[in-house]
Amino acid sequence: MVITSRSNPLVKSILSLRDKKARRERGEYIAEGIKQIREAAACGCAFSCIVYAESFSGERFFPDLAQVVSDSVFEKLSEEVTPQGVLAVIRMPDVSVRAPRGKCLLLDGVSDPGNVGTILRTANAAGYEDVYLLSCADPFSSKCVRASMSGIFFVRLHIGAKEQIFRALEGVPMLCADMDGENVFRFRPPEKFCLVIGNEANGVSESVRQACSATVRIPMRESCESLNAGVSAGILMYELAAGEHR
């Protein structure tokens, strides 16, 4: 059966997941596009349903969970500029705060979902398996999921209060990213560490800064005031990972 009404309960249920409160209450979020869904399936994500546009003719996933909607209804559901015709409702993983397995990240007040997604994408690429989020943009928003380019499926997210995160990171040296720090290209990191990335406008909060054992910076020309948070995090992640082996 093809759903043709925008007031259909399933359609309304999926649309409600654009709201952070609804995502949290239901423990579900949306991923869109063939690549995202294929990689979510490959890493064992739990799916609630998969929705296909009636005209979709590409790769199919989990036929038992499939639902077909008219193209006009899919356009209503999609948040992409050029929809591919497939989206999935995925169950959120456990995001309770636990100890890290190795080198990790703490995002302190990173407020732009595009930056959060970009950092998750790079964390996955650079081998930072655990990402702690303190007062950040919702990593399960569509914009963040899209920007993560599947990275969100391959890292462990930890969302909690500062006290919980500090307990989980007990004994792990925290390295603050700040313009007043030591040149990261001359810095030798410990074997296990947590890189702290602060808010786009205000940097790392004072209480988190005080918990850090070192501060590192990316050297820049005087004509450049700062770098985008996602770009900065990427440079620091790779340089610190390389520094482990010097």
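Refer to the structure presented above.
Residues numbered from 1 in each chain as written. Predicted model: local features only at pLDDT ≥ 70, side-chain atom pairs only at ≥ 80, totals over all residues. Heavy atoms only, no water.

J.: Report on the sheet that holds strand 4 (residues 66-69), specifying residues and quantitative values.
T.: Judged by pairing direction, the sheet is mixed, and its 5 strands sit side by side in the order 1-4-3-5-2 without closing on themselves. Lying at the two open borders of the sheet, with one neighbouring strand each, are strand 1 (2-3) and strand 2 (28-32). Bridge count between strand 2 and strand 5 (residues 86-91): 5 bridges; the pairing is antiparallel. From the neighbouring strand, Ile30 faces strand 5, where its bridge partner is Val89. Together, strand 1, strand 2, strand 3 (47-53), strand 4 and strand 5 form the strand contacts of helix 1 (residues 9-16), whose direction differs from that of strand 3 by roughly 110 degrees. Contacts from helix 3 (residues 34-42) reach strand 2, strand 3 and strand 5, with the element oriented near 35 degrees to strand 5. (Pairing = 2+ DSSP bridges. Helix = DSSP H or I, 4+ residues; strand = E, 2+ residues; numbered from the N terminus. Contact = heavy atoms within 4.5 Å. Axes fitted to C-alpha atoms, helices over the stretch in contact; angles between N-to-C directions.)

J.: Kindly report on the sheet that holds strand 7 (residues 130-134), identifying the contributing residues and their values.
T.: The parallel open sheet is built from 6 strands, whose spatial order is 8-7-6-10-9-11. Edge positions in the sheet fall to strand 8 (156-159) and strand 11 (214-217), since each of these pairs with one other strand and no more. With strand direction ignored, the average angle separating the axes of adjacent strands in the sheet is 35 degrees. One ladder, built from 5 bridges, connects strand 6 (residues 104-108) with strand 10 (residues 194-198); its direction is parallel. Counted as the bridge partner of Asp108 is Gly198 from strand 10. The strands touched by helix 5 (residues 113-126) within the sheet are strand 6, strand 7, strand 8 and strand 10, with strand 6 carrying the most contacts at an inclination of about 175 degrees.

J.: Go over the packing of aromatic side chains with me, naming the residues and quoting the values.
T.: Tallying each qualifying case throughout the model produces 4 aromatic pairs. With 5.3 Å between their ring centres and 35 degrees between their planes, Tyr52 and Phe56 make a pair best called tilted. Classification of Tyr52 by relative accessible area gives buried; the value is 1%. A relative accessible area of 9% means that Phe56 is categorised as buried. Relative to Phe193, the ring of Tyr128 has its centre 6.1 Å away and its plane inclined at 70 degrees; by these criteria the two rings are edge-to-face. Linking Tyr128 in the loop between helix 5 and strand 7 with Phe193 in the loop between strand 9 (174-183) and strand 10, this pair joins segments that are 65 residues apart in sequence. The pair formed by Tyr128 and Phe193 is uniform in burial state, with each residue classed as buried. Here Arg60 stacks its cationic end above the ring of Tyr52, 4.3 Å away from the centre of that ring. (Phe/Tyr/Trp six-rings, centres within 6.5 Å; stacked < 30°, edge-to-face > 60°. Buried < 20%, exposed > 50% of the residue type's maximum accessible area, 1.4 Å probe, protein only. Lys NZ or Arg CZ within 6 Å of the ring centre and 35° of its normal.)

Keep in mind these numbers describe shape, not what the thing actually does.
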